[in-house]
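Coordinates in review
So the chains spell out like this:
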Amino acid sequence: MNDIAGVVPMSKQIPIAEGLFTWPAEKPALLGSRCKSCGIAAFPVAESCMACSGQDIAVEALPTRGTLWTWTVQQFMPKPPYHSNETAETFRPYGVGYLELPGGVRVEGRLTENDPEKLHIGMEMDVIFDTWRVEENGDEVISFFFQPVANSGQEA
Amino acid sequence: MDVAIVGIGIHPFGRTPARSGLQQGAYAARLALKDAGVEWRDIQFAYGGSASAGNADALGNELGLTGIPFINVANGCATGGSSLMAAYNAIKSGEHDLGLVAGFDKHDRGAFNADPLALGLGQWYGEVGLMMTTQFFAMKIQKYMHDYGISADTLARVAEKAFINGSLNPNAWRREPVSAEQVASSMMVNDPLTKFMFCSPAEGGVALVLCRADKAKNYCASPVYLKSAVLKSRRFGSFEVFAPSQALQQVDGPTVDASKAAFEMAGVGPGDIDLSQLQDTESGAEIMHMAENGFCEHGEQEHLIATGATRIGGSMPINTDGGCLANGEPIGASGLRQVYENVLQLRGDAGEHQVPGEPRLGYTHVYGAPGISAVTILQR
Ligand SMILES: [Zn+2]
């Protein structure tokens, strides 16, 4: 396969932003920063701490499973800077939520589920990485999404 | 030195194709000057702002170039509140005796476009569809409803009340009542908020003339005194708009901080307030801001709103001019509209939307991205 890569141009998978998550990686994860002075974590990686103004920061991989803290469904297509492969005709409403990652932070992201009946506060979700859009040259832009854990549908 | 408001002017909110935003600001400024019985050349300083309709100091081209310090203010939805606070401090410090505050705007239709880079965020945040203020408000009220037992009916009643009040206010944009059923069944925008639960970008202008309290009676038979004007920004840990992440441990937001400081400065408490204008860019915001400003406990809104407490004749009238929901949100003018409305009410000049019982203390509150709040307390 690698040998014929030069014949047919191969599409690449590129992360939507450098340093947002580990990529490529066998088990990709969001990257956060943790302040060495006060222990507060942030996403995305920040060079200084918003809690204590400290500048001694360590980068760490954030947990890949958490609980949904709150959510909504975006029912209409946003204007730019929104940048997807969708058109007004193909746009599908999408879920948005904050996922509480244990010991870390609450991270905002798109949900793979857009049915309000299937979303509720407290449900477990995994952080997954998938193609967000395909560029004209065929490159796949990878972003992160929150996906309900199978069978975690019932709120306690 | 205490500070008084001795002149108020407004250009009707909504859509006015024949006038630019700046012209709407000038219209309001001329009315405010006339109301105070002063000329533009008497004004010693001015603060003003507009988000989409040019620099406020271009008002000089309309009103006359007099050489005064005119400072442009840009602070999102809290632009008017910030201008007012700055003018308040300029008089309180003794630096000036008489000044003007103006705000105007003219926005395109549809939701506001926000630029991630301007707010210190990565471009990716906007590309994947997270750069939407409406999502934040929806997620905040979603969590709030879950935690404090607020129902979707209550969201609809807030909008219904706003449109009733708007129908009584000749300067409002939306002047037709809309029933709670119509509000609830309108198109879902960001669950749980429907189309009629959101305000829209709009146009309008407001201006105020401020002076030293000891000279107020020279200009105005019924001056209204600015007992406090406070602006706060977010502290670490508060849940705010345009936040890719937030801390696990939450602290009070800037509204709570500004409210507490304003009450302390004025030497009064929430129970003393006769009417308030609370930022209602959507229905949920008004509900949450009731508690954040100290007017009730979290969760009490469900009962208060169901029993009509927040209506004009109720025990705590809120957004008596129809608020952002019925007036739309011309960003530069919106916060000053609240102050205009309270002055009108405290003078007893609000006509059909007048709060009964000769109100004495009025409260205003605005909230803006990415986490700022401005509060004023006015006293007759
Ligand atoms: Zn720190």
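Note that the structure is predicted; figures quoted are calculated from it, not measured. Once a new chain begins, its residue numbering starts again from 1 and follows that chain's sequence as written. Chains carry letters from A onward and ligands carry numbers from 1 onward, assigned in written order. Per-residue local features of the predicted model are confined to residues with pLDDT of at least 70, and side-chain atom pairs are confined, for both listing and counting, to 80 or more; whole-chain, interface and lining totals are unaffected and use all residues. The basis for every side-chain value is the complete set of non-hydrogen atoms in the structure, without hydrogens or water.

Quick word on the sheet that holds strand β3 (residues 41-42) of chain A
All names here are of chain A. When DSSP finds at least two bridges between two strands, those strands are taken to pair. Starting at the N terminus, helices and strands are each numbered in turn, a helix being any DSSP run of H or I of at least four residues and a strand any DSSP run of E of at least two. One open sheet accounts for three strands, arranged β3-β2-β4; its pairing is antiparallel. Strands at the two margins of the open sheet, each flanked by one partner only, are β3 and β4 (57-61). Bridging between strand β2 (residues 31-35) and β3 involves two bridges; their strand directions are antiparallel. Bridge assignment links Ser33 to a residue of β3, and that residue is Ala42.

Thoughts on the coordination of the zinc ion
All names here are of chain A. The rule for donors is simple: an N, O or S atom within 2.8 Å of the metal counts, and for Na, K and Ca the reach is 3.2 Å. Water is not among the atoms, so a site may look short of donors. Ligation of the zinc ion by protein atoms is provided by Cys35 (SG), Cys38 (SG), Cys49 (SG) and Cys52 (SG), these donors lying 2.2 to 2.4 Å from the ion. Positions of the donor residues of the zinc ion, expressed as sequence spacing, correspond to C-x2-C-x10-C-x2-C. Pair noted here: Cys35 is in strand β2 and Cys52 is in the loop between β3 and β4, with a separation of 17 residues, a long-range link. The class for Cys35 is buried, based on a relative accessible area of 3%. Accessibility here uses a 1.4 Å probe with only protein chains present; expressed as a share of the type maximum, an area under 20% marks a residue as buried, one over 50% as exposed, and anything in between as partly exposed.

Things to note about the nonpolar core
Counting residues in hydrophobic clusters, the biggest one holds 95 residues, and the most contacted among them are Leu30(A), Phe43(A), Val107(A), Phe144(A), Trp124(B) and Ile377(B). For this core, the element with the highest residue contribution is helix α5 (residues 133-148) of chain B, accounting for seven residues. Any two residues having at least one pair of non-hydrogen atoms within 4.5 Å are treated as being in contact. Once residues lying within four places of it in the same chain are set aside, the contact partners of Phe144(A) are Leu20(A), Phe21(A), Leu30(A), Phe43(A), Val107(A), Glu108(A), Gly109(A), Val127(A), Ile128(A), Phe129(A) and Trp124(B). Only buried Ala, Val, Leu, Ile, Met, Phe, Trp, Tyr and Cys residues count toward a nonpolar core, and they belong to the same one when joined by side-chain atoms within 4.5 Å. Counting 33 residues, the second largest nonpolar core, distinct from the first, contains Leu84(B), Ala86(B), Ala333(B) and Leu378(B).

Some points on unusual backbone geometry
Residue and element names in this part refer to chain A. For the bond running from Trp23 to Pro24, omega is -5°, close enough to zero to count as cis. For Pro24, the location among the structural elements is in the loop between β1 (13-15) and β2. With an omega of -10°, the peptide bond between Phe43 and Pro44 qualifies as cis. Of note, Pro44 is situated in the loop between β3 and β4. Even without being a glycine, Ser53 presents a positive backbone phi close to 70°. For Ser53, the position within the fold is in the loop between β3 and β4. Given a relative accessible area of 59%, Ser53 falls into the exposed group.

Details of the environment of Ile377(B)
All names here are of chain B. Among the secondary structure elements, Ile377 is positioned in strand β12 (residues 372-379). On the basis of relative accessible area, Ile377 is assigned to the buried category, the value being 0%. Ile377 sits 148 residues away from Ala229 along the chain, and the two C-alpha atoms are 6.8 Å apart. Setting aside residues up to four positions removed in sequence, Ile377 forms contacts with Tyr225, Leu226, Lys227, Ser228, Ala262, Phe263, Ala266, Val268, Ile273, Leu361, Gly362 and Tyr363.

Looking at the confidence of the model for chain B
Atom-level detail of predicted coordinates should not be read off regions where pLDDT is low. Predictor confidence is given residue by residue as pLDDT, running from a minimum of 0 to a maximum of 100. For chain B, the mean per-residue pLDDT works out to 95, and 99% of the residues sit at or above 70. Two summary scores accompany this predicted model of the complex, namely pTM at 0.93 and ipTM at 0.91.

Description of the pattern of salt bridges
Between Lys or Arg on one side and Asp or Glu on the other, a salt bridge is scored when a side-chain nitrogen of the former is within 4 Å of a carboxyl oxygen of the latter. Counted by the stated rule, this structure contains 20 salt bridges over all chains. A salt bridge links Arg133(A) to Glu127(B), with the shortest nitrogen-to-oxygen separation between them at 3.0 Å. Of the two residues, Arg133(A) sits in strand β8 (residues 124-134) while Glu127(B) sits in helix α4 (residues 123-127), which places them in two different chains. Since its relative accessible area comes to 12%, Glu127(B) is described here as buried. For Lys260(B), the salt bridge identified is with Asp252(B), shortest N-O distance 3.8 Å. A relative accessible area of 55% means that Lys260(B) is categorised as exposed. When salt bridges that share partners are traced, they join Asp97(B), Arg212(B), Asp214(B) and Lys215(B) into one network.

Notes on the side chain of Thr376(B)
Residues and elements named next belong to chain B. In this structure, Thr376 sits in strand β12. Residue Thr376 is classed as buried on the basis of its relative accessible area of 5%. Here a polar contact means two N or O atoms within 3.5 Å. Within protein one must be a hydrogen donor candidate and the other an acceptor candidate, and residues neighboring in sequence count only if both atoms are side-chain atoms. Within the local environment of Thr376, its side chain forms a polar contact with the side chain of Thr364, the two groups lying 2.6 Å apart. For Thr376, the residues in contact, after removing those within four places along its chain, are Leu84, Leu226, Ser228, Ala229, Val339, Gly362, Tyr363 and Thr364.

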